[in-house]
Amino acid sequence: MMNPPDIVVNHAVTLIGAGRSFPEVVKQALTIAPILFAADGGANAALDMGYMPDGVIGDLDSLTPEIPGQLPVDKVFRLADQDSTDFDKCLSAIQAPLILATGFTGQRLDHELAAYSSLVRHPDQRCILLGEVDLCFLAPISMRIELPVGSRFSLFPLSPCRVDATGLRWPVEALEMAPDGIIGTSNETKSTEVILRVSSRKLLVILPRIHLKAAIEALTGGI
């Protein structure tokens, strides 16, 4: 087992977790990010789908007994810290231009909430969480995204922040958002371009998964 300070990958990475993963979602992610990493028990899911992970990261307490023998020793990275989740360990360890993460939402609610918390703790990571229906990512300070008119566009603050957005049906102008105050779910686009600005990296953007390519362009293209 290895415990490196960081794992540098020069291409986009698909990261699979131990939660429920859908084959069509994994396939979609791999067409864009063909390097596959697994967060601990995500290796079980990857192998069950016929994929050999390029790396496995975590405390490894969720691997079924036969899995370690199927993995090259130099591809297994054991991080024994019990104060962070396996997703958090992956975001700490992987240095990549983009991470598409699946298997972290839609099953256990506590795991899903922890995944959103990890996004906020690692604002420098360009990471998109993929579920069966939706995707989610941490909004950069400024962002431009192109979407069809009428697309669902939800905003959810995990901490107080000020938000400005143009191109949405319901106005968002210098709006002070907070998880126990104003939130921005179930908005929708009224033009093909949305420009979003936030005062701090505390805001989640939630879109239908069919808009994955647009979300990637918005995160990697800048404004």
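How each quantity is defined
Each residue is numbered by its place in its chain's sequence as written, counting from 1. It should be noted that, the model being predicted, local features are given only for residues of pLDDT at least 70 and side-chain atom pairs only at 80 or more, the latter also being counted only at that level, while totals for whole chains, interfaces and linings use all residues. Remark: hydrogens and water are excluded; side-chain values derive from all non-hydrogen atoms of the structure. Helix and strand definitions follow DSSP, with helices as H or I runs of at least four residues and strands as E runs of at least two, each counted in order from the N terminus. The rule is simple: take the accessible area with a 1.4 Å probe, protein chains only, and divide by the maximum for that residue type; under 20% is buried, over 50% is exposed, in between is partly exposed. Here a residue-residue contact requires only that any non-hydrogen atoms of the pair lie within 4.5 Å. What the arc measures is the spread of directions leading from the helix axis to the C-beta atoms. Definition of nonpolar core: a set of buried residues of the types Ala, Val, Leu, Ile, Met, Phe, Trp, Tyr and Cys, connected through side-chain atoms within 4.5 Å. Two strands are counted as paired when DSSP detects at least two bridges linking them. Inter-axis angles, ranging from 0 to 180 degrees, are taken between N-to-C directions of lines fitted to C-alpha atoms, where helices are fitted over the stretch in contact.

A.B. asks: Which residues make up the environment of G58, and what values do they have?
C.D. replies: With respect to the secondary-structure elements, G58 resides in strand β4 (residues 55-58). Note on G58: relative accessible area 0%, which makes it buried. Through-space distance from the C-alpha of G58 to that of L71 is 14 Å; in sequence the pair is 13 residues apart. In this view, G58 contacts D40, F77, R78, L79, D86 and K89; residues no more than four positions away in its chain are not counted.

A.B. asks: Describe helix α1 (residues 23-32), listing the residues and the values that go with them.
C.D. replies: Considered for burial, the residues of α1 that qualify are V25, V26, A29 and L30. What you see down the axis of α1 is that its buried residues fit within an arc of 130°, all on one side. Structural note: α1 exposes P23, K27 and T31 on the side pointing more than 90 degrees away from its buried face. At its buried positions, α1 is contacted by β2 (13-16), β3 (35-39), β7 (99-102) and β8 (127-130).

A.B. asks: Describe the nonpolar core, with residues and values.
C.D. replies: Judged by nonpolar contacts, the single largest core of 35 residues is most densely connected at I128, F153 and L196. Setting aside residues up to four positions removed in sequence, L196 forms contacts with A139, I141, S142, M143, L155, V163, D164, A165, L203 and V205. If you look at the next biggest cluster of nonpolar residues, it comprises 27 residues, including L15, C90, L119 and C127.

A.B. asks: Which residues make up the sheet that holds β7, and what are the values?
C.D. replies: The strand order across the open sheet formed by 10 strands is β5-β4-β3-β2-β7-β8-β9-β16-β11-β14, and the pairing between neighbours is mixed. Since the sheet does not close on itself, it has two edges, and those belong to β5 (76-78) and β14 (184-188), each with one partner. Sheet twist, expressed as the mean angle between neighbouring strand axes with direction ignored, is 20°. Note that strand β11 (residues 152-157) and strand β16 (residues 203-208) share 4 bridges and pair antiparallel. Bridging from a neighbouring strand, P157 pairs with L203 of β16. Along the sheet, α1 contacts β2, β3, β7 and β8; its crossing angle with β7, the most-contacted strand, is approximately 170°. Here helix α4 (residues 109-121) sits on the sheet in contact with β8, β9 (134-138) and β16, set at roughly 35° to β9.

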